[in-house]
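Close look at the chain arrangement
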Amino acid sequence: MIARLEASFRQVRQFSADASHELRTPLTVIKGEAELALRRPRPAEDYRQVLESTLEEIDRMTQIVDELLFLSRADLGEVAIESLPVRLDALVEDIQRQAAVLGQEHGVQVTVGTVEPAVVQGDELRLRELLLNLVDNAVKYSRPGGKVEIALVREGTTARLSVTDQGIGIAPEELGRIFDRFYRTDAARAHAKKGTGLGLSICKWIAEAHHGRIEAQSTMGQGSKFTVVLPVVHD
Ligand SMILES: Nc1ncnc2c1ncn2[C@@H]1O[C@H](COP(=O)(O)OP(=O)(O)O)[C@@H](O)[C@H]1O
Ligand SMILES: [Mg+2]
């Protein structure tokens, strides 16, 4: 009991430390660049570049704060989840275009494989967010020319929604940690600068709020497969 409490306090402390650190980095960049720009008069183009970089850092901080806000509201039980029938196959068809565009930006081809009909009880917007988050990761951690496939199959009383990529992969010892808040693998940090390490925590919360779970399989350097397993509505 005491050990559990200590572990949970440690987690909260670690979380605050990580959150502060992640927000501090963009602030340091903005401050440094503004100070440098103000040191002497400069051509308009230089100011423009500083403002562009400032905007990028602000976008990053906004994303971190939005995701943190979501997670703390989720912790407090304040996130409302709809409970309506959602056709997952229609959802997959629906995000196909958006997913393809995400891929194009990185030279990655996003395709849809097998899609079997499946209806779950839940919140369409959240499920869409979950799937887009997984596609975003799959594309981001792919290499140009890589392929990403979305698929949906029925298995007994569950629907298995998967996103498979041929990207950088995740080492076995890190697979257990990627759903932790702020956790990003070194390979991921080296591959893609952008990221908060909060997306998968949100995905996991959404899957569990639907009485489901999310599984990750991966081979380092070869690719990863994320599968969301959700109970289907009787039909
Ligand atoms: N498709 C993937 N391929 C390789 N690594 C991944 C993939 N998806 C997630 N990861 C790893 O899990 C970490 C956490 O993912 P996430 O919470 O979405 O954070 P972010 O996308 O901001 O890096 C990533 O930083 C990366 O290390
Ligand atoms: Mg992500």
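Residues numbered from 1 in each chain as written. Chains lettered and ligands numbered in written order. Predicted model: local features only at pLDDT ≥ 70, side-chain atom pairs only at ≥ 80, totals over all residues. Heavy atoms only, no water.

With respect to the nonpolar core
In this structure, Leu127, Leu130, Leu131 and Leu134 are the most contacted members of the largest nonpolar core, which totals 47 residues. Every element with two or more residues in this core is listed here: helix H2 (44–75), helix H3 (88–104), helix H4 (124–140), strand S4 (147–155), strand S5 (158–165), helix H7 (199–209) and strand S7 (223–231). A total of eight residues in this core trace back to one element, the largest contributor, which is H4. A domain-level breakdown of this core finds at least three residues from each of domain 1 (2–75) and domain 2 (84–231). Discounting residues that sit within four places of it in the chain, leucine 130 has contacts with Cys203, Ile206, Ala207, Ile214 and Val228. (Core = buried A, V, L, I, M, F, W, Y, C linked by side-chain atoms within 4.5 Å. Buried < 20%, exposed > 50% of the residue type's maximum accessible area, 1.4 Å probe, protein only. Helix = DSSP H or I, 4+ residues; strand = E, 2+ residues; numbered from the N terminus. Domains from an automatic or database assignment. Contact = heavy atoms within 4.5 Å.)

Examining the packing of H3 against H4
Put simply, H3 and H4 touch, their axes get as near as 10 Å, and they point 35° apart. Both H3 and H4 take part in a crossing whose hand is right-handed. Here Leu88, Leu91, Val92, Asp94, Ile95, Gln98, Ala99, Leu102 and Gly103 of H3 lie close against H4, whose contacting residues are Glu124, Leu127, Arg128, Leu131, Leu132, Val135, Asp136 and Val139. Across the contact of H3 with H4, the residue classes tally to eleven nonpolar, two polar and four charged. (Axes fitted to C-alpha atoms, helices over the stretch in contact; angles between N-to-C directions. Left-handed = near helix turned anticlockwise from the far one by under 90°. Nonpolar A, V, L, I, M, F, W, Y, C, P; charged D, E, K, R; others polar.)

Points about the packing of aromatic side chains
A complete count under the given rule lists three aromatic pairs for this structure. Look at phenylalanine 179 and phenylalanine 226: their rings are 6.4 Å apart centre to centre, the planes differ by 70°, and that puts the pair in the edge-to-face class. Pair noted here: phenylalanine 179 is in the loop between helix H5 (172–175) and helix H6 (186–191) and phenylalanine 226 is in strand S7, with a separation of 47 residues, a long-range link. Grouping residues by exposure puts phenylalanine 179 and phenylalanine 226 together as buried. (Phe/Tyr/Trp six-rings, centres within 6.5 Å; stacked < 30°, edge-to-face > 60°.)

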